[in-house]
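Commentary on secondary and tertiary structure
Below, each chain spelled out in residue letters.
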Amino acid sequence: MEHARCVLIVLEEGEGLHYWLEQLRVFGTKTSVVSSLEQVAEARLSQADLLLFPVEAGYVPLMVAKLRNDFGSLGIVAVQSGLSASARVQLLLTGADACLALDVQVPELMAWCHAVRRRNVYAAVSASQAMQEVQEHSGQQEWILRDKGWTLVAPNGVGLELTHSERQLMDAFIRHADARFSREDLMRDKGLAASDSRAVDSLISRLRRKASQAGVALPIKSVHGWGYTFTGKLIAQQELQDTEIMEFYTPRIEQEASQPTPLELLHALETLDVLDPQVSEALSFSYQLRVATSTGQYSGVDAQVFWTAPTGLRLSSDLVLRHMPDSIHRQALCEWMLRTLMADVRRWWQDYSLRASHIGLKLPIDMVLPIYKRMPAMLRQFELQPCCVELDLFSDQELEETPELIQALQFLKEQDIQVWLTSTDIENHKLSRLRGWPISGVKLEAEVIQRACRESTFKALLETGCHLLSEQGFELVIKGVDNLEQRDLALSLELGHYQGRLTSELMSEDGFLLTLASSEPSFGQGHDASRRLSGSVL
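Computed from a predicted structure; not experimentally measured. (Residues numbered from 1 in each chain as written. Predicted model: local features only at pLDDT ≥ 70, side-chain atom pairs only at ≥ 80, totals over all residues. Heavy atoms only, no water.)

**Here's the deal with the overall build of the protein chain**
The secondary structure content of the protein chain amounts to 19 helices and 23 strands. A burial count over the protein chain gives 49% of its 538 residues as buried. Across the protein chain, every contact between residues at least 6 apart in sequence was considered, and the portion connecting residues at least 24 apart equals 67%. If you sum the accessible surface of the protein chain, you get close to 25600 Å²; carbon and sulfur atoms cover 50% of it. (Helix = DSSP H or I, 4+ residues; strand = E, 2+ residues; numbered from the N terminus. Buried < 20%, exposed > 50% of the residue type's maximum accessible area, 1.4 Å probe, protein only. Contact = heavy atoms within 4.5 Å. Areas by Shrake-Rupley, 256 points an atom, 1.4 Å probe, with all protein chains shown as cover.)

This is the structure we're talking about:
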């Protein structure tokens, strides 16, 4: 059996390191030692076959996912005794080849190395055969869109994980007659100008290349001077086991979110003391990405804080802040959310080399006055740029243009801190009052587009309101885009961005970071492009 040419070992100096070096030397294997997973990329210059590392809490699955993405042929073996089943599953799903105990013998390690090498050889042969078979039969065999449109399965069973833009492309083939459409059709769906027609060609080229690398020939053919056609049989798979069958392809009846009764809310708030340090254990962040209508790519993310009461009741922070009467506690909760988010953004960069920006955080508008002057100092404390955090201000009362409020908004604008208003109001006389306000734009809550899809009169009012805001120079985001009908309406409006379950579900921190770490290269634009997310620094 052919042994590994080189094994990378991630260990600190100690007895464990000397043991592995001695054992591997017996098998004639060269070893390279690095002190952290972050240094593996540099060490890979030696063309190692196997990576051996101890499992450390927290960042390992993310780093494994990145290494698997960067080095597809590298054998990745995690060693740690006493790993839980969930930890092993997470490591294997994110890219590890094996999870072994610390006392594993070197012959077993070499066997794993051999298995990885055999897998790569067979994969190359299978890819060549699959390419030939698909080229011969692509016009007759079925291509299946599953996982709500996020996976394209070739006739030979090879699955291609799709990005958001690629998902939109395949959706266009599904929806258009005879699986063909013009460049103008797709550009209109994605909100692209005529001068951006090459963006469509680039998108299809990238998808073809991805399919080729997976060993399949994608049957997308160019119709000269017009557009594209999918020459294979393309179907959208219904997943009956899913509680939200075909959410991506069919409109879903909107259901009111489960809200606590006034009595439940009152009892819950009586137990919430945000001045108690231990209360932070019951507060957690969730994230939802938003998409730019001009490119179909992710353009930022909204952070939503939830509080889980001792009774198990889970409440969003904006609901808590709306019903929390004490201003001292309201301010304490707002400052906790801001500082925690900033600390997390800094930690993501330090631990994972991921810079996140354009993260919107909802705050009551009356909380701006006691906080705004300290915002620049808070950003400097965490070594962050102003673009990292956006303030999404909401109010249950009709907004009044007080000198103090305008002064605060102007101060934040001069500090390059973006401020948005979050609202359900689209009445013209209310929107006209925003003219000249020093804010970036308006975010319309989910009930706006839901109602517009039900009522034609309200839809016309929404169209007028979006036009009015655009004329005033404001950017516009609409939330609650959960299905194709709502997406099509959003794209027909004068919007800059949209978000909802069609772009992403609410994600935990791990899910959000894994999304950033695996985002498509085309999201990166501008400075430090390798670490950007469509305007958001990764």
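**Digging into the pattern of salt bridges**
For side chains of opposite charge, pairing can occur when their charged atoms come near one another. Counted according to the given criterion, the structure contains 19 salt bridges. In this structure, the salt-bridge partner of R322 is D318, at a minimum N-O distance of 3.4 Å. In this pair, R322 and D318 both sit in helix α10 (residues 317-323), 4 residues apart, roughly one turn of the helix. For D318, a relative accessible area of 8% gives the class buried. Residues R346 and E383 are paired through a salt bridge, measuring 3.4 Å at the closest nitrogen-oxygen approach. Linking R346 in helix α11 (residues 327-352) with E383 in the loop between α13 (375-381) and β17 (389-394), this pair joins segments that are 37 residues apart in sequence. (Salt bridge = Lys/Arg side-chain N within 4 Å of Asp/Glu carboxyl O.)

**Points about unusual backbone geometry**
Positive phi outside glycine occurs at H358, with the angle close to 55°. Note that H358 resides in the loop between α11 and β16 (359-364). The class for H358 is buried, based on a relative accessible area of 17%. In this structure, E383 takes a positive phi of about 55° despite not being glycine. Judged by its relative accessible area of 57%, E383 falls in the exposed class.

**Thoughts on helix α16 (residues 446-454)**
Residues lying three or four places apart along an α-helix face the same way, a consequence of the helix completing one turn every 3.6 residues. For α16, every residue scored as buried is listed here: V448, I449, Q450 and A452. Residues of α16 that are buried make contact with β18 (419-423), β19 (441-444), α17 (456-471), β20 (475-478) and α18 (484-492).

**A short note on α11**
If you check α11, its first and last C-alpha atoms are 37 Å apart, about what 26 residues at 1.5 Å a residue would give, namely 38 Å. S353 sits one or two residues past α11 and shows a positive phi near 60°. (Expected span 1.5 Å × (residues − 1).)

**Thoughts on the sheet that holds strand β12 (residues 233-236)**
Taken in spatial order, the 4 strands line up as β8-β7-β6-β12 in an open sheet, and their pairing is mixed. Single-partner strands in this sheet number two, and they are β8 (159-161) and β12. Pairs of neighbouring strands in the sheet enclose a mean axial angle of 20°, with direction left out of account. Pairing between strand β6 (residues 142-146) and strand β7 (residues 151-153): 3 bridges, direction antiparallel. Across the sheet, I144 pairs through a bridge with V153, a residue of β7. Along the sheet, helix α6 (residues 164-175) makes contact with β6, β7, β8 and β12, crossing β12 at roughly 105°. (Pairing = 2+ DSSP bridges. Axes fitted to C-alpha atoms, helices over the stretch in contact; angles between N-to-C directions.)

**Some thoughts on the packing of α6 against α18**
Where α6 contacts α18, the two axes come as close as 14 Å, and the packing angle between them is 105°. Between α6 and α18, the interaxial angle falls into the category roughly perpendicular. Residue-level inspection shows Q168, D171 and R175 of α6 in contact with α18, the latter providing L484, R487 and D488. The residue inventory of the contact of α6 with α18, partitioned by class, reads 1 nonpolar, 1 polar and 4 charged. (Parallel < 35°, antiparallel > 145°, perpendicular 65-115°, else oblique. Nonpolar A, V, L, I, M, F, W, Y, C, P; charged D, E, K, R; others polar.)

**Thoughts on the nonpolar core**
Formed by 83 residues in total, the largest nonpolar core has its most connected members in L338, I478 and F512. Considering each element in turn, this core owes the most residues, 9 residues, to α11. Among all residues touching F512, those that are not within four sequence positions of it are Y287, L289, V301, W348, A356 and M507. Residues L152, A172, L207 and I220 belong to the second largest nonpolar core, which totals 22 residues. (Core = buried A, V, L, I, M, F, W, Y, C linked by side-chain atoms within 4.5 Å.)

**As for the packing of aromatic side chains**
On inspection of all chains with the given rule, the structure shows 8 aromatic pairs. Residues Y287 and W348 carry aromatic rings whose centres are separated by 5.9 Å and whose planes lie at 70° to one another, so their mutual orientation is edge-to-face. With Y287 in strand β13 (residues 283-292) and W348 in helix α11, the pair connects residues that are 61 residues apart, well separated along the chain. The two residues Y287 and W348 agree in class, both being buried. Seen in terms of ring centroids, Y372 and F411 are 5.4 Å apart; in terms of plane orientation they differ by 75°. Their pairing is edge-to-face. One end of the pair, Y372, is in the loop between α12 (368-371) and α13; the other, F411, is in helix α14 (residues 403-414), with 39 residues separating them in the sequence. Three or more aromatic residues link up through ring pairs in this structure, and these residues are F285, Y287, W336, W348 and F512. (Phe/Tyr/Trp six-rings, centres within 6.5 Å; stacked < 30°, edge-to-face > 60°.)

**A short note on the environment of C388**
Positionally, C388 belongs in the loop between α13 and β17. A residue is classified by how much of its surface remains accessible, and C388, at 8% relative accessible area, is buried. Measuring from C-alpha to C-alpha, the distance between C388 and S357 comes to 3.8 Å, with 31 residues separating the pair along the chain.

**Comments concerning the pairing of β20**
Summarising the sheet, β19 and β20 pair through 4 bridges and their orientation is parallel. Across the sheet, residue L444 finds its bridge partner in β20, namely I478. Bridge count for β20 against strand β21 (residues 497-499) is 2 bridges, and the pairing is parallel. Within β21, the residue paired with I478 across the bridge is Y498.

**Here we look at the packing of α16 against α17**
Where α16 contacts α17, the axes come no closer than 6 Å and their chain directions differ by 130°. With respect to α17, the axis of α16 lies oblique. You can see that α16 and α17 cross each other, and the crossing is left-handed. Each of V448, R451, A452 and R454 in α16 lies in contact with α17, whose residues at this interface are S456, F458, K459 and L462. Taken together, the residues that form the contact of α16 with α17 break down as 4 nonpolar, 1 polar and 3 charged. (Left-handed = near helix turned anticlockwise from the far one by under 90°.)

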